[in-house]
Amino acid sequence: MDIVVKGRKTEVPERFRKHVAEKLKLEKVQKLDAKVISLDVEVSKEHNPRQADRSDRVEITLRSRGPVVRAEAAAADPYAALDLATAKLEARLRKQHDKRFSRRGNGRIPASEVAVAVPDAASLTPNGELAAEAEQKVPTTRMGSIDVQGEGPLVVREKTHSAAPMSLDQALNEMELVGHDFYLFVDADTKLPSVVYRRHAYDYGVIHLNPDSFGEEEPGGAGGALGG
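Bear in mind the structure is a predicted one, so any value in this text is a computation, not a measurement.

Engineer: Break down the nonpolar core for me, citing the residues and quoting the values.
Structural biologist: Ranked by size, the top nonpolar core spans 24 residues in total, and within it Val-58, Ile-60, Leu-62 and Leu-89 carry the most contacts. Of all the secondary-structure elements, those providing two or more residues to this core are α1 (14-23), α2 (26-32), β2 (36-45), β3 (56-64), β4 (69-75) and α3 (78-102). A per-element tally of this core places α3 first, with five residues. In contact with Ile-60, not counting residues within four places along its chain, are Leu-24, Leu-39, Asp-40, Val-41, Val-69, Arg-70, Ala-71, Leu-82, Ala-85, Thr-86 and Leu-89. Counting residues in hydrophobic clusters, the runner-up holds eleven residues, among them Met-166, Val-178, Tyr-183 and Tyr-204.

Encoded structure:
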């Protein structure tokens, strides 16, 4: 297994690279996930003095023949951030490891039953743009492949991922593994682009995008779907 350490808009000292190899013990990682192929560690730095206590960010991405597991944390220095991110990664690996064994036999929940258990599942309308926002006359700036209205964000990160169809149950599991509040996937049953997202406590919502309905419905509803 390879460990790749890289910096995003910052230099990574050799001392820190060695510390990463010592901190991310291969034996422990491989014990929790025997299919692991590589570990990517990305270090970035925020130069805003107002964020001095969270100026250094470390993101760890574990790639294996199973789902991708990601953990990130920010702290006043990269070593503290690495400690926090490593703890999160190990916790998610243990959870995945325990779930893998507990689901053997009759314990696995079919995707159809998970969908029934999700309260207030939402459907995505074809156009997510609010009419009121579309009418506003504000300056537009091109940032990469994105048109940003007004001041917009200072940094835009654009990512493209492969999307093999998966069940809702698997999408919920992978959302937990990457530590996000939402997960974009292609539903294996409907073949539709879909998003599962965290609502309140342990509740989840699901949004399905129907490409065939573009232009057939009035715009508006999608803008408030996630807020329910």
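Structure's up, so let's keep going.
Engineer: Which residues make up the sheet that holds β3, and what are the values?
Structural biologist: Picture the strands of a sheet paired through backbone hydrogen bonds; they go either parallel or antiparallel. If you walk across this open sheet you meet the four strands as β1-β2-β3-β4, and the pairing is mixed. Strands with a single pairing partner mark the edges of an open sheet, and in this sheet they are β1 (2-8) and β4. Each adjacent strand pair in this sheet contributes to an overall mean axis angle of 15°, direction not counted. Pairing of β2 with β3, which is carried by nine bridges, proceeds in the antiparallel orientation. Among the inter-strand pairings, Glu-42 is bridged to a residue of β3, identified as Glu-59.

The rules behind each value
Within each chain, residues carry numbers counting from 1 in the order of the written sequence. pLDDT decides what is reported in this predicted model: residues at 70 or higher carry local features, side-chain atom pairs at 80 or more are listed and counted, and totals for whole chains, interfaces and linings draw on all residues regardless. With hydrogens and water set aside, each side-chain value is computed from the structure's full complement of heavy atoms. In plain words, nonpolar cores are sets of buried Ala, Val, Leu, Ile, Met, Phe, Trp, Tyr and Cys residues tied together by side-chain atoms within 4.5 Å. Burial here depends on accessible area, computed with a 1.4 Å probe over protein chains only, as a share of the maximum for the residue type. Under 20% is buried, over 50% is exposed, and the range in between is partly exposed. Numbering goes from the N terminus for both helices and strands, where a helix is a DSSP run of H or I of at least four residues and a strand is a run of E of at least two. Two residues form a contact once any of their heavy atoms are found within 4.5 Å. When DSSP finds at least two bridges between two strands, those strands are taken to pair. Working convention: axes come from line fits to C-alpha atoms, limited for helices to the stretch in contact. Angles between N-to-C directions cover 0 to 180 degrees.

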